[in-house]
Amino acid sequence: MLSSISSTIKWKAFSMLNRLADVRSQTSAEPGIYPPTNYSDSAGDLIWVFCSTIGELNACQPFIKSLELRGQLVLITDRHCYRESYQKHFGNAYVVELTGRTTDGSYLTAQLPPSLFFVCEIPAMPCDAPCRLSYGLLHQAKSVGARVHLVNAWLYDYAPACRMDSLEVRLFRKEYLDSFDSIGVQNENIRSRLIQAGAREERISITGNMKFDSLWDENIRITDETSRPILSYLENSNSPIVVAGCLADIDECYILIDAIRAIRISHPDIRFIIAPRHPENQCFMQSLTEKLEQSGLVYKMKSKLSTADLAGNDLLLLDTFGELKSFYSIATICYVGCNHNVLEPLAFGKPTIVSGEWNPLYPSYPVYQLTRDKKLIMHVDKSEGISRKII
């Protein structure tokens with residue numbers, strides 16, 4: 001009890017400091033709350049689910065679908081680019097876009113008080129991963145009686161992004177971990193490290209990687225009306241199709257584009273689709289399109305297509321969210337960007353190519369290592385190796 005009171009006092013003091021910082025920077029905002037596109041009055045209790053990006057949503061999708069049967073979903077993200085995609089996958093869910101401020105939790109619990117709160121994969125510790133989830137959100141959910149759970153947990157070992165984040169880690173790491181009524185981790189290493197950091201051993205279970213659960217989900221939801229005719233057109237084109245997805249590194253894109261240029265010389269019938277990991281990153285997209293223009297390849301951007309008219313182009317740039325799985329399903333060969341999920345194309349039985357130096361700290365690494373050892377994927381490097389392997 002005393003520990004709980006102490007944590008509450010600490011959190012109030014920290015929140016005051018944070019609010020002062022917001023005032024000085026002249027920033028104030030409330031989380032964006034977007035209602036379901038397919039609303040149902042008989043939804044039941046509110047269930048919060050934090051998925052920072054579409055990657056976490058996809059990794060935990062079968063589990064999240066099971067939660068739909070138990071209550072009204074509230075999908076929470078710290079990014080302001082995934083709302084449309086989340087709504088396409090879960091039309092009955094609210095979608096919330098956090099501001100990252102300490103006041104997010106009190107505002108949301110007043111508007112949408114949860115009975116359950118699930119954090120998907122990251123951050124397993126405060127400020128550990130490339131996303132922003134304040135301890136305040138967990139603290140407020142517990143204060144209204146919600147049970148809080150962490151699933152598919154992984155550690156990235158990111159450093160705090162600013163002084164306030166550093167202070168939050170120092171003050172609340174133990175409380176953050178203690179907020180979870182249960183923790184499902186991907187392996188023994190993550191379990192040991194969380195226990196070392198202060199998590200209660202009896203609350204942690206090794207559940208494996210939820211990405212493997214997604215292998216059994218064969219339902220491809222194509223809700224974008226432009227995508228349906230494009231996919232049908234490509235499937236019926238009688239041309240080999242190469243789909244390169246999850247491209248997050250611009251240098252890897254350059255290597256891949258050089259490989260595509262080489263392939264087109266001898267095999268002009270092959271169709272290419274490339275999907276950047278973060279199409280919302282304007283600098284990245286500008287560099288990518290400049291490289292495409294310099295290459296002489298004729299390309300069209302998916303976001304600018306209103307019909308399935310792909311005649312005369314060499315490449316489709318898939319610059320939309322949540323559709324990559326659909327395009328993997330019609331591919332002849334797939335290429336997966338370094339440090340990302342190889343299971344999606346493998347689930348469709350597609351020959352899959354990767355390249356680059358994979359980072360052992362990423363949650364994709366154990367899957368990459370396993371599938372490479374079992375010769376389920378082909379690892380090649382440089383433009384010449386990629387083009388030879390595709391041909």
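Refer to the structure printed above.
First, a word on scope: everything that follows refers to the structure included in this document. Note that the structure is predicted; figures quoted are calculated from it, not measured. Just so you know, the residues in each chain are numbered from 1, in the order the chain's sequence is written. Whole-chain, interface and lining totals are the exception, using all residues; otherwise, since this is a predicted model, local features are given only for residues with pLDDT of at least 70 and side-chain atom pairs are given and counted only at 80 or more. Only heavy atoms go into the side-chain values, all of them from the structure, while hydrogens and water stay out.

**Looking at the pattern of salt bridges**
We count it as follows: The salt bridge criterion pairs a side-chain nitrogen of Lys or Arg with a carboxyl oxygen of Asp or Glu, the two atoms within 4 Å. Strands are runs of DSSP state E lasting at least 2 residues, helices are runs of H or I lasting at least 4, and numbering of each runs from the N terminus. Whether a residue is buried, partly exposed or exposed follows from its accessible area with a 1.4 Å probe, protein chains only, as a fraction of its type maximum: under 20%, in between, or over 50%, in that order.
Counted according to the given criterion, the structure contains 17 salt bridges. Close ionic contact of D178 with R203 constitutes a salt bridge, the shortest N to O distance being 3.8 Å. A residue pair is termed long-range when its members are at least 10 positions apart, and D178 in helix α7 (residues 163–178) and R203 in the loop between α8 (188–197) and β8 (204–206) qualify at 25 residues. Among the residues examined, D178 registers a relative accessible area of 25% and is labelled partly exposed. A salt bridge links R191 to E201; the nearest nitrogen and oxygen atoms lie 3.2 Å apart. Of this pair, R191 sits in helix α8 while E201 sits in the loop between α8 and β8, and the two are 10 residues apart along the sequence. Looking at R191, the relative accessible area reads 18%, which means it is buried. Of the residues examined, E201 reaches a relative accessible area of 47% and is grouped as partly exposed.

**Remarks on the packing of aromatic side chains**
Here is the rule: Each aromatic pair joins two rings of Phe, Tyr and Trp (for Trp, the six-membered one) with centres within 6.5 Å, and gets the label stacked for planes under 30 degrees apart, edge-to-face for over 60, and tilted for any other angle. The rule for a charge over a ring is simple: NZ of Lys or CZ of Arg within 6 Å of the ring centre, and within 35 degrees of the ring normal.
Scanning the model with the defined rule gives 11 aromatic pairs in all. A ring pair is formed by Y156 and Y362, whose centres lie 5.4 Å apart and whose planes are at 75 degrees; its orientation type is edge-to-face. With Y156 in the loop between β6 (147–153) and α7 and Y362 in the loop between β14 (352–354) and α14 (365–373), this residue pair connects regions lying 206 residues apart in the sequence. Ring geometry for W358 and Y368: centres 4.3 Å apart, planes at 5 degrees, overall stacked. Note that W358 is positioned in the loop between β14 and α14 and Y368 in helix α14, a separation of 10 residues in sequence. Among the residues examined, W358 registers a relative accessible area of 8% and is labelled buried. Residue Y368 is classed as buried on the basis of its relative accessible area, which comes to 5%. Ring pairs connect the aromatic residues F14, Y135 and F172, which therefore count as one cluster. Sitting above the plane of the Y34 ring, R83 keeps its charged end 3.8 Å from the centroid.

**What to know about the sheet that holds strand β4 (residues 94–97)**
The condition that has to hold: Between any two strands, at least two bridges found by DSSP are needed for them to pair. The axes are straight lines fitted to the C-alpha atoms, using for helices just the contacting stretch, and the angles between their N-to-C directions are given from 0 to 180°.
Within the open sheet, the eight strands sit side by side as β1-β4-β3-β2-β5-β6-β7-β8. Their pairing is mixed. With one partner strand each, in any of the chains shown, β1 (32–34) and β8 form the two edges of the open sheet. Each adjacent strand pair in this sheet contributes to an overall mean axis angle of 20 degrees, direction not counted. Inspection of the sheet shows strand β2 (residues 46–50) paired to strand β5 (residues 116–120) by four bridges, in the parallel sense. Along β5, the bridge assignment pairs V49 with F118.

**So, the sheet that holds strand β11 (residues 299–301)**
Strands belonging to one sheet form pairs held by backbone hydrogen bonds; the direction of such a pair is parallel or antiparallel. To keep things clear, this is the line we draw: A contact between two residues is defined here by any heavy atoms of the two lying within 4.5 Å.
As summarised here, the arrangement of the seven strands in space is β11-β12-β10-β9-β13-β14-β15, forming an open sheet in which the pairing is parallel. Taken across any chain shown, the strands that pair with only one partner, and hence form the sheet edges, are β11 and β15 (378–379). Sheet analysis places strand β13 (residues 333–336) next to β14, joined by two bridges and oriented parallel. The residue of β14 that forms the bridge with C334 is T352. Strand contacts of helix α11 (residues 282–295): β9 (241–247), β10 (271–276), β11 and β12 (315–317), with the helix running at about 170 degrees to β12, the strand carrying the most contacts.

**Observations regarding the side chain of N152**
The cut-off we apply is this: Two N or O atoms form a polar contact when they lie within 3.5 Å of each other; inside protein one atom must be a possible hydrogen donor and the other a possible acceptor, and for residues adjacent in sequence the pair counts only when both atoms belong to side chains.
Mapped onto the elements of the fold, N152 is located in strand β6. At 2.8 Å, the side chain of N152 forms a polar contact with the side chain of E121. Once residues within four sequence positions are removed from consideration, N152 is found in contact with A59, C60, E121, G184, Q186, G208, N209 and M210.

**Some words on the packing of helix α10 (residues 250–266) against α11**
To keep it simple, the criterion reads: Comment on the angle field: the value is read as roughly parallel under 35 degrees, roughly antiparallel over 145, roughly perpendicular from 65 to 115, and oblique elsewhere. The crossing is said to be left-handed when, going from far helix to near helix, the turn is anticlockwise and less than a right angle, and right-handed when the turn is clockwise. In this classification, Asp, Glu, Lys and Arg are treated as charged, Ala, Val, Leu, Ile, Met, Phe, Trp, Tyr, Cys and Pro as nonpolar, and every other residue, Gly included, as polar.
Between α10 and α11, the least distance of the axes is 10 Å, while the angle of their chain directions is 20 degrees. Taken together, the axis directions place α10 and α11 in an arrangement best described as roughly parallel. As α10 packs across α11, the resulting crossing turns out to be right-handed. On α11, the residues that touch I250, C253, Y254, I257, D258 and R261 of α10 are F284, S287, L288, K291, L292 and S295. Among the residues forming the contact of α10 with α11, the class breakdown is seven nonpolar, two polar and three charged.

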